[in-house]
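An overview of the molecular structure
So the chains spell out like this:
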2 protein chains.
Amino acid sequence: MAPAFVPNGTLTSAPVAGRFASVYSEVQNSRVDHALPLPSVLKNAFTIVDGPRSSAAGNPDEIAKLFPHLFGQPSAALVPSDSHVAQPHHVLKIGVVLSGGQAPGGHNVISGIFDYLQERAKGSTLYGFRGGPAGIMKGKYVELTSEYIYPYRNQGGFDMICSGRDKIETPEQFKQAEETAQKLDLDGLVVIGGDDSNTNACLLAENFRSKNLKTRVIGCPKTIDGDLKCKEVPTSFGFDTACKIYAEMIGNVMIDARSTGKYYHFVRLMGRAASHITLECALQIHPNITIIGEEVAAKKLTLKNVTDYIVDVICKRAEANFNYGVILIPEGLIDFIPEVQHLIAELNEILAHDTVDEGGLWKKKLTDQSVKLFEFLPEAIQEQLMLERDPHGNVQVAKIETEKMLIQMAETELEKRKQEGKYKGEFKGQSHFFGYEGRCGLPTNFDANYCYALGYGAGALLHSGKTGLISSVGNLYAPVEEWTVGGTALTSLMDVERRHGKFKPVIKKAMVELEGAPFKKFASLRDEWALKNCYISPGPIQFAGPGSDAVNHTLLLELGAQA
Amino acid sequence: MAPAFVPNGTLTSAPVAGRFASVYSEVQNSRVDHALPLPSVLKNAFTIVDGPRSSAAGNPDEIAKLFPHLFGQPSAALVPSDSHVAQPHHVLKIGVVLSGGQAPGGHNVISGIFDYLQERAKGSTLYGFRGGPAGIMKGKYVELTSEYIYPYRNQGGFDMICSGRDKIETPEQFKQAEETAQKLDLDGLVVIGGDDSNTNACLLAENFRSKNLKTRVIGCPKTIDGDLKCKEVPTSFGFDTACKIYAEMIGNVMIDARSTGKYYHFVRLMGRAASHITLECALQIHPNITIIGEEVAAKKLTLKNVTDYIVDVICKRAEANFNYGVILIPEGLIDFIPEVQHLIAELNEILAHDTVDEGGLWKKKLTDQSVKLFEFLPEAIQEQLMLERDPHGNVQVAKIETEKMLIQMAETELEKRKQEGKYKGEFKGQSHFFGYEGRCGLPTNFDANYCYALGYGAGALLHSGKTGLISSVGNLYAPVEEWTVGGTALTSLMDVERRHGKFKPVIKKAMVELEGAPFKKFASLRDEWALKNCYISPGPIQFAGPGSDAVNHTLLLELGAQA
């Protein structure tokens, strides 16, 4: 057992209770003391080499206008330095912030930055901004010490300093951030977040640079959804752990389905708009049916199409006497179906202006297509659409329990086919939603190592004066020792979107590519998975022994296809 | 990777697809080849020693009448045999059946029986009855060979031969079982099941004995619910794994709750009537609130009392600025609340005879207390009570989503307190139900070892001619080598219940004892857990390294209290 310790004074007034390694589980404790390997480039003397001038993912002229000080800057690579030229040794003051939803490994990014400073810039200070970007604006921070960080090493969650969803956007908010940076005399800031947060990090870097502040800003790619990635940033951290946790659960449910022989389990998975998590889980476990939102959108499928696909498989399986199965559904499915989008837009419009009369006259304001879809929907979903609205009066799409909806629609369709003599099986649906279970798990060895390298690398980038880069660790197919470390110009990942008549910079969400290696592999196997039972139950994440060094399929397939 | 193999011919026509170790995950594969330790008494020569004459758990006179051939028989203990007196070497024909819901480790019980026969009664045959007791009645079986069993070793699920919920009860059914036993020339039958299945096993043993059939029957204690246990049978298999899987998930959710700081997670846990799983998870993870059904019943609490308890804690936490938390709710909660029981009984009566009028006149037939409760319930639950009925027209209590109901009731009460100025926090509830995820996981080292010993011991008991016993492995606090092995007279666990004017034998469900060590430990700590945050996140089950030999708290506390 690790020794008990009491967090330092700054924590006591915090809205979270501090961690005490003395009450950890055996597994947590073993992870706290687990030493992490570093890429060899970080273990020895290194120097930073700039690449060629960069452009943007789209609309470079607009991006150049939005980031006059940063646009075009090269990406940076850390390379071994033969000479014993000492790095510029100066003491640094660095801030770090967690932005957006939790992802396993966040604490390790912070540990990586901290250890870099301890080992390479002794005497430096690391401040953790509390509760996300709001902590920067309000100047809410804590000084991170060795003792403070210790119990969070290799642990899940973001509770070391907590996160938040605020953005630094208005001139007043930028002003607040400047004040904090100046008050703390910050040399640098690391923003750990997803696509929006990294876009925001780049705006902050541009702003600091334009004001001639010394504070540099480096981003780190975080999101379990897996939708922040590009050639230089092969994956976002947390995706590996979250997928393995979901795959463990679904793997268990699959074995249950086969053992019981009488349930269809409809499993909805977190992942927001993108279907990366669903695709990765499918590659890990081989379920009978997997719906990929991006494919539904590309093929312009209707809800009826999706239902028919599911029901067709169920009917074929019934002929083989398999009245059970497992079906994966991405959280964002509903967003990909054009007709549903239209219906929701029309409902938002109608409900904003009219009262809903019992007689259903309001329905006449819907287009024919939307009326048809509305009446196709199960009653419970109709009610959800009418009643559950967010504070702006809009339908809360994320709250729609797609898995339950599809069960009801399959039920109705199967009943119809039964009466037509086309289906003789028995159908019982069970619904599941996996989300929160995966965001704060103990990071896998992969995520633990990856995050530590991201953080350590971010420290190195700041130390050498870089700004507006996203920490980039590559060659992930190889052992950790051979991983590459560097930074990619955030502006090079950006495009613009037109909002309220203005161009807004955005890092485009990486959606599942239908021509990408992971989807193609899935597509080549799904018919076999549908009718035969090729179930794989990955089992719980292991930290030692067989399976403990496994890397997720998406990453391996994408790297393999690139190589 | 283990070599690929094709299951033998008997499997191809089966309603399940066989397992192929060649498509296993790395972790599954490592488990397939994982060698299990045996208690030392099973590794060497042993002899069986009978204990004193046994009685019954209650109403011994009635049990004696129901089991004239078996009542009073002693329990048996395997002890090391110094002499090299060879065991009666005869070749055996043994059947095995899985009965009821899945529990991790079932495949290992079968492996244990098989290995006993291979090692101690070479040339013996093991038949697996397919799909539960119905397989015995219909003579549906498969011969279990070394190749057939191999890919299921240390794997979760019951899909090797599948399970079923039928009981052998009527004279015709007993006749069918006799015919199968005679046709296969069975020396013995191992029934792997819960309390009902073991009662049934004893009736079968009595019936075979009364007909002078040679077929002996041995039971094995299976249920994740943990409600089949007694002094001689310290735990049922599967409980350890299931609780650890749920605790991993809830542990992750707790860290998420603390990181996000804005959700109360209401987690309902499987476990049928008893709250063992909920209690064990609480001991593992230290949630803020845990409802134990047995305590609710003993204290005759109302739904309002339970809601108030939850809301009181939420209000106190809000004062400390904690607007988040985790609340555990046992699946069987609703069954423990007397007023809910009354309401449901009255509704069943009314709905069986009357139509429900829109005007609500039907409500006048409810007692005052029930009207009050009905109107206290959230609308969605009212609807569920009125609409969701089983084929007999009864309310489906198990389908009531207690976690959602409690969220709504807490919401209403908190709103009220807010208006009274007694609560200033923000409340957002998130609901979870964990059940299927835990029934078919890869068994923990504990369950893998325990099940293997149970099966191996069952083989030994049958080999020495024992019948009507439940395989009993004890001293579980100690290393596997020191575990004790034997059999306990099933009649000694029985009492009678009066049903339809007749006495029916039952093994009483072991409920959570409010004077037992696990509950007392929980009760002594829960106030601290409620207000402080003492969260423990156990992490995923490990098969090697730290934590891999952990045993559940319930078992350790009960054994400790006994010692």
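Residues numbered from 1 in each chain as written. Chains lettered and ligands numbered in written order. Predicted model: local features only at pLDDT ≥ 70, side-chain atom pairs only at ≥ 80, totals over all residues. Heavy atoms only, no water.

Named according to an unreviewed UniProt entry, chain A is Pyrophosphate--fructose 6-phosphate 1-phosphotransferase subunit beta originating from Canavalia gladiata.

Attention now moves to the layout of surface pockets. To locate leftover empty space, one rolls a probe as large as a water molecule over the atoms. Quantified by volume, the second largest pocket comes out at close to 730 Å³. Residue lining of the second largest pocket: 32 residues in total, with Q284, A550 and H553 of chain A together with S25 and E26 of chain B positioned closest to the centre. Contributions of two or more residues to the lining of the second largest pocket are made by α10 (276-285), α20 (517-531) and α21 (553-562) of chain A together with α1 (26-32) of chain B. Looking at the lining of the second largest pocket residue by residue, the classes come out as 16 nonpolar, 13 polar and three charged. (1 Å grid on protein atoms, 1.4 Å probe; cavity = no way out; pocket = protein on both sides within 12 Å on 5 of 7 lines; lining within 4 Å. Points joined across faces, edges and corners; volume = space filled by probe spheres on them. Helix = DSSP H or I, 4+ residues; strand = E, 2+ residues; numbered from the N terminus. Nonpolar A, V, L, I, M, F, W, Y, C, P; charged D, E, K, R; others polar.)

Residue and element names in this part refer to chain A. With numbering matched to this structure, UniProt assigns "active site" (unreviewed entry) to D225. Mapped onto the elements, D225 comes out in the loop between β8 (216-221) and α9 (239-260). Every residue in contact with D225, bar those within four places of it in the chain, is listed here: F239, G271, R272, H276 and I277. (UniProt positions renumbered as here; feature names shortened; annotations may be inferred. Contact = heavy atoms within 4.5 Å.)

What follows is about unusual backbone geometry. Positive phi, close to 50°, is recorded for H500 of chain A, a residue that is not glycine. One can find H500 of chain A in the loop between β15 (494-499) and β16 (502-507). On the basis of relative accessible area, H500 of chain A is assigned to the exposed category, the value being 85%. Positive phi values are uncommon outside glycine, yet D185 of chain B reaches one of about 60°. Relative to the helices and strands, D185 of chain B resides in the loop between α7 (171-183) and β7 (188-193). By relative accessible area, which is 35% here, D185 of chain B ends up partly exposed. (Buried < 20%, exposed > 50% of the residue type's maximum accessible area, 1.4 Å probe, protein only.)

Residue and element names in this part refer to chain B. Strand order in the open sheet made by the four strands is β10-β11-β9-β12, with parallel pairing throughout. If you trace the sheet from one side to the other, it starts and ends with β10 (289-290) and β12 (429-434), each paired once. Pairing of strand β9 (residues 264-269) with strand β11 (residues 325-330) involves six bridges; the strand directions are parallel. Counted as the bridge partner of L269 is P330 from β11. Against the sheet, helix α17 (residues 402-419) makes contact with β9, β11 and β12, and its axis sits at roughly 165° relative to β12, the strand it touches most. (Pairing = 2+ DSSP bridges. Axes fitted to C-alpha atoms, helices over the stretch in contact; angles between N-to-C directions.)

The two copies are related by a screw operation: chain A maps onto chain B through 180° of rotation and 0.0 Å of translation along the axis, at an RMSD of 0.0 Å. On this basis, the relationship between the two copies can be described by a two-fold rotation axis. A shared interface surface links the copies, since 100% of the contact residues of chain A are contact residues in chain B too. (Least-squares fit on C-alpha atoms with pLDDT ≥ 70 in both.)

Ranked by size, the top nonpolar core spans 253 residues in total, and within it I250 of chain A together with I250 of chain B carry the most contacts. For this core, the leading source of residues is helix α19 (residues 445-463) of chain A, giving 12 residues. Beyond its immediate sequence surroundings of up to four residues, I250 of chain A is in contact with V267, L269, C281, I285, V326, L328 and F434 of chain A. (Core = buried A, V, L, I, M, F, W, Y, C linked by side-chain atoms within 4.5 Å.)

Right, let's talk about helix α4 (residues 106-120) of chain B for a bit. Compared with the 21 Å implied by 1.5 Å per residue over 15 residues, the 21 Å span of α4 of chain B between its first and last C-alpha is a close match. Most of α4 of chain B is tucked away, with 13 of its 15 residues classed as buried. (Expected span 1.5 Å × (residues − 1).)

On to a positive patch on the surface. A contiguous patch of positive charge, built from R165 and R272 of chain A together with K262 and K428 of chain B, is present on the exposed surface. Topologically, K262 of chain B is positioned in the loop between α9 (239-260) and β9. The exposure class assigned to K262 of chain B is partly exposed, which follows from its relative accessible area of 34%. (Patch = residues over 30% accessible without salt bridge, like charges linked within 9 Å, V, L, I, M, F, W, Y side chains within 5 Å. Areas by Shrake-Rupley, 256 points an atom, 1.4 Å probe, with all protein chains shown as cover. Salt bridge = Lys/Arg side-chain N within 4 Å of Asp/Glu carboxyl O. Lys, Arg positive; Asp, Glu negative; His and termini not counted. Charge placed at Lys NZ, Arg CZ, Asp CG, Glu CD.)

A few words now on the sheet that holds strand β9 (residues 264-269) of chain A. All names here are of chain A. Ordered by their spatial adjacency, four strands build an open sheet running β10-β11-β9-β12, and the pairing between neighbours is parallel. Taken across any chain shown, the strands that pair with only one partner, and hence form the sheet edges, are β10 (289-290) and β12 (429-434). With two bridges connecting them, β10 and strand β11 (residues 325-330) associate as parallel partners. Along β11, the bridge assignment pairs T290 with L328. Of the strands in this sheet, β9, β11 and β12 touch α9, which is tilted by about 150° from β11.

With that out of the way, let us pick up a negative patch on the surface. A contiguous patch of negative charge, built from E379 and E383 of chain A together with E379 and E383 of chain B, is present on the exposed surface. Among the secondary structure elements, those contributing two or more residues to the negative patch are α16 (379-387) of chain A together with α16 (379-387) of chain B. On the secondary structure map, E383 of chain A appears in helix α16.

Residues and elements named next belong to chain B. At their nearest, the axes of helix α12 (residues 303-319) and helix α20 (residues 517-531) sit 9 Å apart, and the two run at 50° to each other. Relative to α20, α12 is oriented oblique. Where α12 abuts α20, its residues Y309, V313, K316 and R317 lie against R526, A530 and L531. Here the residues of the contact of α12 with α20 are counted per class, giving four nonpolar, no polar and three charged. (Parallel < 35°, antiparallel > 145°, perpendicular 65-115°, else oblique.)

All right, on to the pattern of salt bridges then. Residue and element names in this part refer to chain B. Enumeration according to the criterion identifies 62 salt bridges over all chains in this entry. A salt bridge links E179 to K175; the nearest nitrogen and oxygen atoms lie 3.6 Å apart. Of this pair, E179 and K175 both sit in helix α7, separated by four residues, roughly a single helical turn. Owing to a relative accessible area of 46%, E179 belongs among the partly exposed residues under this scheme. On the basis of relative accessible area, K175 is assigned to the partly exposed category, the value being 45%. Residue E497 pairs with R499 through a salt bridge whose shortest N-O separation is 2.6 Å.

Attention shifts here to the UniProt feature "site: Important for catalytic activity and substrate specificity" (unreviewed entry) in chain A. UniProt marks D196 of chain A with the feature "site: Important for catalytic activity and substrate specificity" (unreviewed entry), using the numbering shown here. For D196 of chain A, a relative accessible area of 46% corresponds to the partly exposed category.

In this section: the side chain of Q102 of chain A. Within the secondary structure, Q102 of chain A sits in the loop between β3 (93-99) and α4 (106-120). Classification of Q102 of chain A by relative accessible area gives buried; the value is 4%. A polar atom in the side chain of Q102 of chain A sits 3.2 Å from the side chain of D256 of chain B. Polar side-chain contacts of Q102 of chain A include one of 2.8 Å to the side chain of T260 of chain B. Those residues in contact with Q102 of chain A that lie beyond four places of it in its chain are F158, S163, I224, R439 and C440 of chain A together with D256, S259 and T260 of chain B. (Polar contact = N/O pair within 3.5 Å; in protein donor to acceptor, adjacent residues only side chain to side chain.)

Residues and elements named next belong to chain B. All told, the structure shown has 30 aromatic pairs over all chains when counted by the stated rule. Pairing Y127 with Y141 gives two aromatic rings, centres 5.3 Å apart and planes at 80°, and the pair type is edge-to-face. With a gap of 14 residues between them, Y127 in strand β4 (residues 125-129) and Y141 in strand β5 (residues 141-143) connect regions that are remote in the sequence. Under the relative-accessibility criterion, Y127 is labelled buried at 11%. A relative accessible area of 31% places Y141 in the partly exposed class. (Phe/Tyr/Trp six-rings, centres within 6.5 Å; stacked < 30°, edge-to-face > 60°.)

Moving on, we get to the interface of chain A and chain B. Taken together, the contacts link 58 residues of chain A with 58 residues of chain B. Interface area, chain A with chain B, both sides summed: about 4700 Å², of which 54% is carbon and sulfur. The largest share of the area that chain A buries against chain B comes from R258, Y436 and E437 of chain A, three residues that together contribute 14% of it. Viewed at the interface, chain B and chain A are joined by six salt bridges. Here D159 of chain B makes a salt bridge to R258 of chain A, at a shortest N to O gap of 2.9 Å. Where chain A packs against chain B, one counts 32 residue pairs in polar contact (both at pLDDT 80 or more). Taken together, the elements giving at least two residues each to the side of chain A that touches chain B come down to α1 (26-32), α9, β12 and α18 (436-439) of chain A. (Buried area = accessible area lost by both parts, 1.4 Å probe.)

Attention now moves to the environment of V253 of chain B. On the secondary structure map, V253 of chain B appears in helix α9. A sequence separation of 99 residues divides V253 of chain B from N154 of chain B, and the C-alpha atoms of the two residues are 28 Å apart. Each residue touching V253 of chain B, except ones within four places of it in the same chain, is listed here: Y436 and E437 of chain A together with H265, V326 and H432 of chain B.

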